[in-house]
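Here is what each chain is made of, one letter per residue.
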Amino acid sequence: MTHETVPLYGGHLSRRVTVRDLRAAKERGERWPMLTSYDMYTAEVFDEVGVPVLLVGDSAGNNVYGYPDTVPVTVDDLVPLAGAVVRSTSRAMVVCDLPFGSYQVSSEQALTTAIRIMKETGAQAVKLEGGAGTAESVRRIVDAGIPVMAHTGFTPQSVNTIGGYRVQGRGTDAEGVVEAAEALEAAGAFAIVLEMVAAETAAEVTKRVSVPTVGIGAGPHCDAQVLVWQDMAGLRAGRAPRFTKAFGDLRGALTEATRAFADDVASGTFPAEEHTYH
């Protein structure tokens, strides 16, 4: 197989997935999955399955660190997580978020943060949120040789300004989302995450930009789809966003295993002779 025809999902690569692979996949109409990952074991599993892109997201805030949202997450929070994911994979492209407060001050701050993340984690790309207003930061980072995945539509770091978790790109707001995506592509972004965007608008963006679009609550017409892995595997409790789907019951399996362990300890049946040294 040539470089251009190796499938992203289920293909056999002796190297990491690159931005060129993602562009080629869009050109041939191949859709691909993306997942978050924050630790070595999930990273190993996802890489073995062949998920081509793993995101060390600031979603660690409300999926690892116990925060109510992503706003409190810092670069110091993400660097060790991203390093673990990189060291535990060999095929997937690892993308690390720029968390809130690490790039909004200026394009120079954005570049400084991106350089730190690349040097200290070994990630292959960074991701940042925003519309056309972040295009200069994207351009500055890309010009320095760092691939940037953009993120527009609903941007969780701006949840307080947006006024909650609200669908973007409906009605008269649709063109604004399209224009933002076009500006981010022009600035050099190699892919664009579209979060909680009306499906028709996401389809229009996907048609009008030449880089892959990655949907999360943006309908079926994006080039790729991403989910937080705890949502995908059925680990989280409580009400889940409409756009998620649990493809397993990891919470149920973990509950059952924990109860079995605790019961064996309480009854004195663990550890047994086969678990004991003499």
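All figures in this text were calculated on a predicted structure; none of them were measured in a lab.

Q: Quick rundown of the packing of helix α5 (residues 135-143) against helix α7 (residues 174-187)? Include the residues and the values.
A: Where α5 meets α7, the axes come as close as 8 Å, and the angle between the chain directions of the two elements is 20°. Our classification of the angle between α5 and α7 gives roughly parallel. Every pair of crossing elements has a handedness; the one defined by α5 and α7 is right-handed. Packed against α5, whose contacting residues are A135, V138, R139 and V142, the element α7 presents A183, L184, A186 and A187 at the interface. Among the residues forming the contact of α5 with α7, the class breakdown is seven nonpolar, no polar and one charged.

Q: Lay out the environment of A189 with the relevant residues and their values.
A: Note on placement: A189 falls in the loop between α7 and β6 (191-195). Counting along the chain gives 25 residues from A189 to V214, while the straight-line C-alpha distance between them is 12 Å. When neighbours within four sequence positions are excluded, A189 is seen to be in contact with V138, V148, A150, L184 and V211.

Q: I'd love a proper account of the packing of aromatic side chains, names of residues and values included.
A: In this structure the tally under the stated criterion is three aromatic pairs. Here F261 and F270 contribute two aromatic rings whose centre-to-centre distance is 6.1 Å and whose plane-to-plane angle is 70°, an arrangement assigned as edge-to-face. Residue classification places F270 among the partly exposed positions, given a relative accessible area of 35%.

Q: Now, about the UniProt feature "binding site: Mg(2+)" (unreviewed entry) in the chain: what can you tell me, with residues and values included?
A: The positions UniProt marks with the feature "binding site: Mg(2+)" (unreviewed entry) are D58, D97 and E129. The annotated residues occupy 72 residues of the chain but converge on a single region, no pair of C-alpha atoms lying more than 10.7 Å apart. Relative to the assigned elements, D97 resides in strand β3 (residues 93-97). Not counting residues up to four positions away in its chain, the partners in contact with D97 are L55, V56, G57, D58, L78, I117 and K127. Relative to the elements of secondary structure, E129 occurs in strand β4 (residues 125-129). For E129, the contacting residues outside a window of four places in its chain are D58, Y103, T134, H151, T155, P156, Q157 and S158.

Q: A description of the sheet that holds strand β1 (residues 32-36) should follow, citing residues and the corresponding values.
A: Strands sit in the order β1-β2-β3-β4-β5-β6-β7-β8 around a closed barrel of eight strands; the barrel is parallel. Direction aside, neighbouring strands of the sheet carry axes that sit 25° apart on average.

Q: Explain the packing of helix α3 (residues 75-87) against helix α4 (residues 107-121) to me, using residue names and the numbers behind them.
A: Relative placement of two packed helices is described by the angle separating their axes and the distance separating the axes. Two numbers describe how α3 lies on α4: the axes approach to 9 Å, and their chain directions differ by 40°. Between α3 and α4, the angle is such that the two are oblique. The hand of the α3/α4 crossing is right-handed. When α3 is examined against α4, the residues V75, D76, V79, A82, G83 and V86 are found in contact with a partner set consisting of T113, R116, I117, E120 and T121. Residue composition of the contact of α3 with α4, by class: five nonpolar, three polar and three charged.

Q: I'd like a description of helix α2 (residues 40-49), backed by residues and values.
A: Residues lying three or four places apart along an α-helix face the same way, a consequence of the helix completing one turn every 3.6 residues. Within α2 the residues assigned to the buried category are T42, A43, F46 and D47. Angularly, the buried residues of α2 cover 130° about the axis, an arc narrow enough to put them on a single face. Facing away from the buried side of α2, by more than 90 degrees, are the exposed residues Y41 and E48. By the N-cap criterion, in which a side-chain oxygen at the helix start approaches the backbone nitrogen of a residue two or three places on, α2 is capped by D39, the distance to Y41 being 3.0 Å. Two residues or fewer past α2, G50 is found with a positive phi of approximately 105°.

Q: Quick one: what's the story with helix α1 (residues 19-27), residue by residue and with numbers?
A: Those residues of α1 lying buried are D21, L22, A24, A25 and K26. Residues of α1 that are buried sit in contact with β1, β2 (53-56), β3 and α8 (199-208). Immediately downstream of α1, the backbone of G29 shows phi near 80°, a positive value.

Q: I'd like to hear about the UniProt feature "binding site: 3-methyl-2-oxobutanoate" (unreviewed entry) in the chain, residue by residue, with values.
A: What UniProt calls "binding site: 3-methyl-2-oxobutanoate" (unreviewed entry) maps, in this numbering, to D58, S59, D97 and K127. Their sequence span is 70 residues, while the largest C-alpha to C-alpha distance among them is just 12.2 Å; these annotated residues converge on one region. Sequence-distant contacts of S59, that is, excluding residues within four places in its chain, are made with T36, Y38, T70 and V228. Residue classification places D97 among the buried residues on the basis of a relative accessible area of 2%. Engagement of the side chain of D97 in a polar contact is seen with the backbone nitrogen of D58, the distance being 2.7 Å.

Conventions adopted
Residues numbered from 1 in each chain as written. Predicted model: local features only at pLDDT ≥ 70, side-chain atom pairs only at ≥ 80, totals over all residues. Heavy atoms only, no water. Axes fitted to C-alpha atoms, helices over the stretch in contact; angles between N-to-C directions. Helix = DSSP H or I, 4+ residues; strand = E, 2+ residues; numbered from the N terminus. Parallel < 35°, antiparallel > 145°, perpendicular 65-115°, else oblique. Left-handed = near helix turned anticlockwise from the far one by under 90°. Contact = heavy atoms within 4.5 Å. Nonpolar A, V, L, I, M, F, W, Y, C, P; charged D, E, K, R; others polar. Phe/Tyr/Trp six-rings, centres within 6.5 Å; stacked < 30°, edge-to-face > 60°. Buried < 20%, exposed > 50% of the residue type's maximum accessible area, 1.4 Å probe, protein only. UniProt positions renumbered as here; feature names shortened; annotations may be inferred. Pairing = 2+ DSSP bridges. Arc of directions from axis to C-beta. Polar contact = N/O pair within 3.5 Å; in protein donor to acceptor, adjacent residues only side chain to side chain.

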